[in-house]
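Fold and geometry: a report
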Amino acid sequence: MSALFERVALIGLGLIGSSIAHAVRRGGLAHEIVGYARSPETRKTAARLGFLDRVTDTAADAVEGADLVILCIPVGVIGAVTEQIAPSLAPGAILSDVGSVKSSVIAQALPHMPDYAELIPAHPIAGTEQSGPESGFAELFDNRWCILTPLPTNKPESVAKLRRFWEGLGSQVDTMDAAHHDQVLAVTSHIPHLIAYSIVGTASDLETVTESEVVKYSASGFRDFTRIAASDPTMWRDVFLHNKEATLEVLGRVTEDLFALQRAIRWGDGDALFERFSETRAIRRGIVEAGQDTASPNFGRGKPPTE
Ligand code: NAP
């Protein structure tokens, strides 16, 4: 693919920022990739790894002259960083982001936007439990979805260009409004993470089970929750603080469903349990058929679990 942008600036050089840099280079999507992160350590690591053409000492310097700027930072600092870089945005620049929550990003960033640049929020549905500049890789977005939540004021050609950019990174692209995005992601990502954080914490708190048993027998289910529960605490704290309404709404539904299962167990209602477990098995099959996970047993880990 020929270069879509003259200069792409990445603010935040962790898992997502560094993966974008690798994939931009792989796809030849920009003539120059410039980056900035808050700490000198991260900037030094990024320079050593060489996935950028240039590392700058300030966010404003990175943004200058860029026709695409992507904020790859925790959702909680979007407002402050946008305020900081807004005066340096080039005329006609697209400012985008990768935040896991969209309504809050818009509410934080839009008031700082100059009228000669456009805010077009985005969220790649791709990630791992790793963070930092060394965790990125070019294939992260391949065959994963990226959701754009354009604003009514966006120019169709700008949205189309950002769509082509994400396709160039390897993604399939959907568009929807920010409020809908936040509801969908509460169900598919935010609440599953909350449940993982909760169950892993509960298991370690249970006094009847020793810590060594929790680790020793983890392959019977617990281990798969621990992968999710190892996700970055700053990122996930911000997700819940900034998608409060949707996550509380879904959590209410999950709590009701858990009570229904509790009741079925108490009353020996095997039919209710069997029916629910059959439905969920079909959902797993659907995910594999959609190419969003491997059909190999035990996520392709090779060795089967101990039960
Ligand atoms: P990460 O690996 O922890 O990287 C975050 C980066 O942001 C770091 O380089 C950090 O700099 C920088 N940063 C933090 N505060 C900053 C500030 N005030 N100014 C400038 N840079 C700042 O996190 P990540 O996983 O890439 O996540 C970044 C964003 O992607 C989050 O909004 C998250 O919601 C979204 N997202 C994550 C995933 C995932 O699975 N991880 C998936 C999709 C979307 P230092 O290194 O110097 O601290």
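Just above, that's the structure.
First things first, this report covers the structure right here in the doc. (Residues numbered from 1 in each chain as written. Predicted model: local features only at pLDDT ≥ 70, side-chain atom pairs only at ≥ 80, totals over all residues. Heavy atoms only, no water.)

A word on the nonpolar core
For clarity, the threshold we go by: Nine residue types can take part in a nonpolar core, namely buried Ala, Val, Leu, Ile, Met, Phe, Trp, Tyr and Cys, and a core is a set of them joined through side-chain atoms within 4.5 Å. Buried means the residue's accessible area, taken with a 1.4 Å probe over protein chains only, is under 20% of the maximum for its type, while exposed means over 50%, and partly exposed covers the values in between. Only DSSP runs of H or I reaching four residues or more are called helices, and only runs of E reaching two or more are called strands; each is numbered from the N terminus. Note on definitions: a residue-residue contact is assigned when non-hydrogen atoms from the two residues lie within 4.5 Å.
One finds Leu10, Ile20, Phe141, Phe165, Trp166 and Leu169 to be the most contacted residues of the largest nonpolar core, which totals 36 residues. Considering each element in turn, this core owes the most residues, six residues, to helix 1 (residues 15-27). Here Leu10 is in contact with Gly17, Ile20, Ala21, Ile33, Val34, Gly35, Tyr36, Leu52, Ile70 and Cys72, once residues within four sequence places are set aside.

Quick word on the sheet that holds strand 7 (residues 122-124)
How we decide: Between any two strands, pairing holds if DSSP finds at least two bridges. Angles shown run from 0 to 180 degrees and are taken between the N-to-C directions of axes, each axis being a line fitted to C-alpha atoms and, for helices, limited to the stretch in contact.
The strand order across the open sheet formed by three strands is 7-8-9, and the pairing between neighbours is mixed. Each edge of the open sheet is held by one strand with a lone partner, namely strand 7 and strand 9 (172-175). In this sheet, adjacent strand axes meet at a mean angle of 20° when their direction is disregarded. Of the pairings in the sheet, the one linking strand 8 (residues 145-148) to strand 9 comprises four bridges and is parallel in character. Bridge assignment links Cys146 to a residue of strand 9, and that residue is Val173.

A word on helix 1
The condition is simple: Between the first and last residue of a helix there are one fewer steps than residues, each counted as 1.5 Å, and that sum is the expected span.
The end-to-end C-alpha distance of helix 1 is 18 Å, a good match for the 18 Å that 13 residues give at a rise of 1.5 Å each. Of all 13 residues in helix 1, ten are buried; the element is thus mostly enclosed. Where helix 1 is concerned, the buried positions are Leu15, Ile16, Gly17, Ser18, Ser19, Ile20, Ala21, Ala23, Val24 and Gly27. Along its buried surface, helix 1 packs onto strand 1 (5-11), strand 2 (30-36), strand 4 (68-71), strand 7 and helix 6 (156-168). Gly28, located one to two residues past helix 1, shows a positive phi value of around 60°.

Details of the layout of surface pockets
Rolled over the atoms, a probe with the dimensions of a water molecule shows which regions are left empty. To be explicit about the condition: Of the grid points, spaced at 1 Å and generated over the protein atoms alone, those admitting a 1.4 Å probe that cannot get out make up cavities, while open sets with protein on both sides within 12 Å along at least five of seven lines make up pockets; any residue with an atom within 4 Å of a point is treated as lining. Grid points are joined across faces, edges and corners, and a volume is the space filled by probe spheres set on the points.
Considering only enclosed or pocket space, the second largest pocket measures out at about 250 Å³ in volume. Lining the second largest pocket are 13 residues, with Ala203, Val214, Tyr217, Ser220 and Phe222 sitting closest to its centre. Elements supplying a minimum of two residues to the lining of the second largest pocket: helix 7 (178-205), helix 8 (211-216) and helix 9 (222-229). It is helix 7 that provides the largest number of residues to the lining of the second largest pocket, a total of three residues.

Quick word on the site of the ligand
To be explicit about the condition: We define proximity as follows: a residue is near a molecule or strand when any one of its heavy atoms falls within 4 Å of that partner. Polar contact is defined as a pair of N or O atoms within 3.5 Å, subject to the rule that within protein one atom must be able to donate a hydrogen and the other to accept it, and that residues adjacent in sequence are counted only when both atoms are side-chain atoms. Residue classes follow a fixed rule: Ala, Val, Leu, Ile, Met, Phe, Trp, Tyr, Cys and Pro count as nonpolar, while Asp, Glu, Lys and Arg count as charged, and any other residue, Gly among them, counts as polar.
The ligand sits among 27 residues. The nearest are Arg38, Ser39, Thr42, Ile73 and Ser100. In the model, an oxygen atom of the ligand is placed 2.5 Å from a nitrogen or oxygen of the Thr42 side chain. Here Gly132 contributes a backbone N or O atom positioned 2.8 Å from an oxygen atom of the ligand. Listing elements by their share of the shell around the ligand, those giving two or more residues are helix 1 and strand 7. For the shell around the ligand, a count of residues per class yields 15 nonpolar, eleven polar and one charged.

Regarding the packing of aromatic side chains
Quick reminder of the rule: Stacked, tilted and edge-to-face pairs are distinguished by plane angle, under 30 degrees for stacked and over 60 for edge-to-face with tilted covering the rest, among Phe, Tyr and Trp rings (Trp via its six-membered ring) whose centres lie within 6.5 Å.
In the structure shown here, the tally under the stated rule is four aromatic pairs. For the pair Phe5 and Phe165, a centre-to-centre distance of 5.7 Å together with 80° between the ring planes defines the contact as edge-to-face. With Phe5 in strand 1 and Phe165 in helix 6, this residue pair connects regions lying 160 residues apart in the sequence. Each member of the pair, Phe5 as well as Phe165, carries the same accessibility label: buried. On the basis of an interplanar angle of 90° and a centroid distance of 5.2 Å, the ring pair of Phe141 and Trp166 is categorised as edge-to-face. Note that Phe141 is positioned in the loop between strand 7 and strand 8 and Trp166 in helix 6, a separation of 25 residues in sequence.

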